[in-house]
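# Tertiary structure, described
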Amino acid sequence: MEEVEKTRKDILGIIEDRSLTHEQKVANLSAAAVSMMDVLDVPEGLQELLRPADEGDQCICDLFEGNAPVRPRYIIPDYAKFFRQGSSFLRLDPPKDFFEALNDLLIIYRHVPSVTNYPVYVGQLDELLDPFLTDDIDDATAEKFLRMFFLNVDRTVLDSFSHANIGPRDTRAGRLILKVEGELKDAVPNLTMKYDPDVTPDDFAALCAATALKAAKPSFANDKMFRSELGDNYVIASCYNGLLLGGGSYTLCRLILGNIAKRAKDTDDFLKNVLPYVCDMQARYMDARIRFEVEESGFFESNFLAKEGLIYRDRFTAMFGLVGLAEAVNLLMEKEGKPYRYGRDPEATELGVKIMDVIDQFNKNHVNPYCEATDGHFLLHAQVGIATDINRTPGTRIPIGQEPDLADHLRFLSHFHHYFPSGTGDIFPVDVTVHRNPEYIVDIVKGAFRENLRYLSFYESTGDVFRVTGYLAKRSEIQKYEKGEAVMHDTTQLAAGASELGHAQERRILG
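Since the model is a prediction, treat every value here as computed from it, not as a measurement.

## A closer look at the overall build of the protein
Counting its secondary structure elements, the protein contains 20 helices and 15 strands. Taking 2.2 N^0.38 as the reference for a compact globule, 511 residues should give roughly 24 Å; the C-alpha atoms of the protein span a radius of gyration of 22 Å, in line with that estimate. Each principal axis of the C-alpha distribution contributes one length, and for the protein these read about 70 × 55 × 50 Å. For the protein, restricting intrachain contacts to residue pairs at least 6 apart in sequence, the fraction spanning at least 24 positions comes to 78%. Summing over all exposed atoms, the protein offers an accessible surface of approximately 20,900 Å²; the carbon and sulfur share of this is 50%. Across the protein, the mean location of the 57 positive side-chain charges is 2 Å away from that of the 80 negative side-chain charges.

Below, the structure written as structure tokens:
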């Protein structure tokens, strides 16, 4: 009865919260209802790790997916196929021109679910739209309608985990998209440039960098690296997640490595006993979630995306996430009586690599029957954190305020990016009064990708739009929310927490 009463108070609190829009209240009420369910066959001992009495001891986090998953966390429709065949469910024929293509995309976005209730992938927009930019459509007309399209997306897809892709080829559509996004400076959609220096012209890459310094997007993804791991039909969705076109991710849970390290007597105990045990518990929990989605939820049998071949169940995988490698390394060094610190000393880096090797080997040995798309294994993911994280550094990043100079920072990152086919990334604010030349950014990306870094983001250090962890937000909107005003994007609320608790606006500036 005590738990029921608490749930009732939580629901009433949502209803009475004047800082939430109606849509945000409905989403939160839905999540509260799902949290009341108990349908998963979870391993004994999980609750102690997942929801301990002391939140500071939590070792596994399910990232608010709820106790009865009603759909996969991330869904990646094949929008090119949608253009080719139309949709009987949506009563749409294949688009015949540029204007119908834009309109049809806006319609289908309203029907693509995810953990956020908004699409986390809105398409490889340059390749989708370029064939429709015929000679009879001049640039001014195309820009006008692209501006209307992106305004619509920003004002109706109210979550900046929504993500578009361009590149690696230079296209007319890609250049127009960059021009419009650089002018609008909106947080939605997020945008990634799939960059390959052997395919992407330098002037197009520089245009991407110049746009990033205006609008905090696009980020740069190492196209060769992703293709070598996931094949040609990969996409970047949500924060920076590499997933398969026509598939997605059933679930994403994360290890909280700093708290896991608290349970160990020393480094040897952590590597041989404590960490493998918690990895096994998280994997078994993910197995239970996936089994329910596939065998009981009915999503793949009933949703039109699956019925019309815009997604396929066997192209889905799951994401085995982690945060707080920095805190785990530093705590274990303290337990050993050693002064070495993560991101600074080679001995700490070596321990970080050992920890990642244990997690990577565990994942390679664990098999899930419904992850055929990735040979039965989950994909490792360096999770970016949540608004309530305190002293939990995203993924394998160096804590904010402790970053070394750029060259040392990039060399350090090269030890870790290769572990994460489903996403990792690092963020660099830039002082544009010092670095006015976008080719400076392109040179950094080229050098970093030669060293097997996976994903880099840049933004102007004093601009309104900035990259929080993996998503975008506007400082002006955060200020409104902090005054108690309702704001459209639910990620603004997350950004406010990440700014206060995670110091997301205090990164070392490239200047």
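From this point, things continue past the structure.
## Comments concerning the layout of surface pockets
Computed from the structure, the second largest pocket encloses a volume of approximately 600 Å³. T393, I398, P399, I400 and G502 are, among the 37 residues lining the second largest pocket, the residues nearest its centre. Broken down by secondary-structure element, the contributors of at least two residues to the lining of the second largest pocket are α17 (406-413), β12 (426-430) and α20 (490-501). If one sorts the elements of the lining of the second largest pocket by residue count, β12 sits on top with four residues. A breakdown of the residues in the lining of the second largest pocket according to their chemical character gives 19 nonpolar, nine polar and nine charged.

## Re the packing of aromatic side chains
The relation between two aromatic rings is expressed through the spacing of the ring centres and the mutual angle of the planes. If you walk through the whole model with that rule in mind, you get 27 aromatic pairs. Ring geometry for Y342 versus F412: centroids 5.0 Å apart, planes at 85 degrees, classification edge-to-face. Here the residue Y342 occupies a position in the loop between α15 (325-335) and α16 (346-365), and F412 occupies one in helix α17, the gap between them amounting to 70 residues. Classification of F412 by relative accessible area gives buried; the value is 6%. An aromatic cluster of at least three residues, connected via ring pairs, comprises Y79, Y109, Y121, F149 and F150. In this arrangement the basic side chain of K194 is found over the ring face of Y234, its NZ or CZ atom lying 4.3 Å from the centre. Over the face of the ring belonging to F466 we find R475, whose NZ or CZ atom lies 4.6 Å from the ring centre.

## A short note on the sheet that holds strand β5 (residues 190-195)
Sheet architecture is open: six strands sit in the order β3-β4-β5-β6-β13-β12, paired in mixed fashion. Where the open sheet ends on each side, the last strands, each with one partner, are β3 (123-124) and β12. Sheet contacts for helix α18 (residues 438-450): β5, β6 (219-222), β12 and β13 (455-460); angle to β13, the most-contacted strand, approximately 160 degrees.

## Looking at the pattern of salt bridges
Close approach of charged atoms allows side chains with opposite charge to pair. Tallied over the entire structure, the rule returns 34 salt bridges. The shortest N-O distance in the salt bridge between D139 and R172 comes to 2.8 Å. One end of the pair, D139, is in helix α7 (residues 139-156); the other, R172, is in helix α8 (residues 172-184), and 33 residues separate them in sequence. Notably, a salt bridge pairs D198 with K224, separated by 2.3 Å at the nearest N-O pair. With D198 in the loop between β5 and α9 (202-215) and K224 in helix α10 (residues 223-230), the pair connects residues that are 26 residues apart, well separated along the chain. With relative accessibility at 61%, the residue D198 sits in the exposed group. On the basis of relative accessibility, which here comes to 42%, the residue K224 falls in the partly exposed class. Each of the salt bridges in this network shares a partner with another, and the network as a whole consists of D154, R155, D186 and K474.

## Considerations on helix α12 (residues 267-295)
With 29 residues, α12 ought to run about 42 Å at 1.5 Å a step, and its terminal C-alpha atoms sit 40 Å apart, in line with that. At V274, α12 shows its maximal bend, which comes to roughly 35 degrees, and the proline P276 appears one to four places after that position. For α12, the side-chain oxygen to backbone nitrogen distance between the N-cap and D268 is 3.3 Å, and the N-cap itself is D266.

## Section: unusual backbone geometry
Backbone geometry follows two general trends: most residues other than glycine have a negative phi, and most peptide bonds adopt the trans configuration. Cis rather than trans, the peptide bond between V188 and P189 has omega equal to 0 degrees. Counting through the fold element by element, P189 comes out in the loop between α8 and β5. The omega torsion of the bond from K217 to P218 falls at 10 degrees, within 30 degrees of zero and hence cis. Relative to the helices and strands, P218 resides in the loop between α9 and β6. Residue N391 is not a glycine yet carries a positive backbone phi of 55 degrees.

Here is what the cut-offs are and how they apply
Residues numbered from 1 in each chain as written. Predicted model: local features only at pLDDT ≥ 70, side-chain atom pairs only at ≥ 80, totals over all residues. Heavy atoms only, no water. Helix = DSSP H or I, 4+ residues; strand = E, 2+ residues; numbered from the N terminus. Rg over C-alpha atoms; globule rule 2.2 N^0.38 Å. Contact = heavy atoms within 4.5 Å. Areas by Shrake-Rupley, 256 points an atom, 1.4 Å probe, with all protein chains shown as cover. Lys, Arg positive; Asp, Glu negative; His and termini not counted. Charge placed at Lys NZ, Arg CZ, Asp CG, Glu CD. 1 Å grid on protein atoms, 1.4 Å probe; cavity = no way out; pocket = protein on both sides within 12 Å on 5 of 7 lines; lining within 4 Å. Points joined across faces, edges and corners; volume = space filled by probe spheres on them. Nonpolar A, V, L, I, M, F, W, Y, C, P; charged D, E, K, R; others polar. Phe/Tyr/Trp six-rings, centres within 6.5 Å; stacked < 30°, edge-to-face > 60°. Buried < 20%, exposed > 50% of the residue type's maximum accessible area, 1.4 Å probe, protein only. Lys NZ or Arg CZ within 6 Å of the ring centre and 35° of its normal. Pairing = 2+ DSSP bridges. Axes fitted to C-alpha atoms, helices over the stretch in contact; angles between N-to-C directions. Salt bridge = Lys/Arg side-chain N within 4 Å of Asp/Glu carboxyl O. Expected span 1.5 Å × (residues − 1). Bend = angle between axes of the 7 residues up to and from the residue. Polar contact = N/O pair within 3.5 Å; in protein donor to acceptor, adjacent residues only side chain to side chain.

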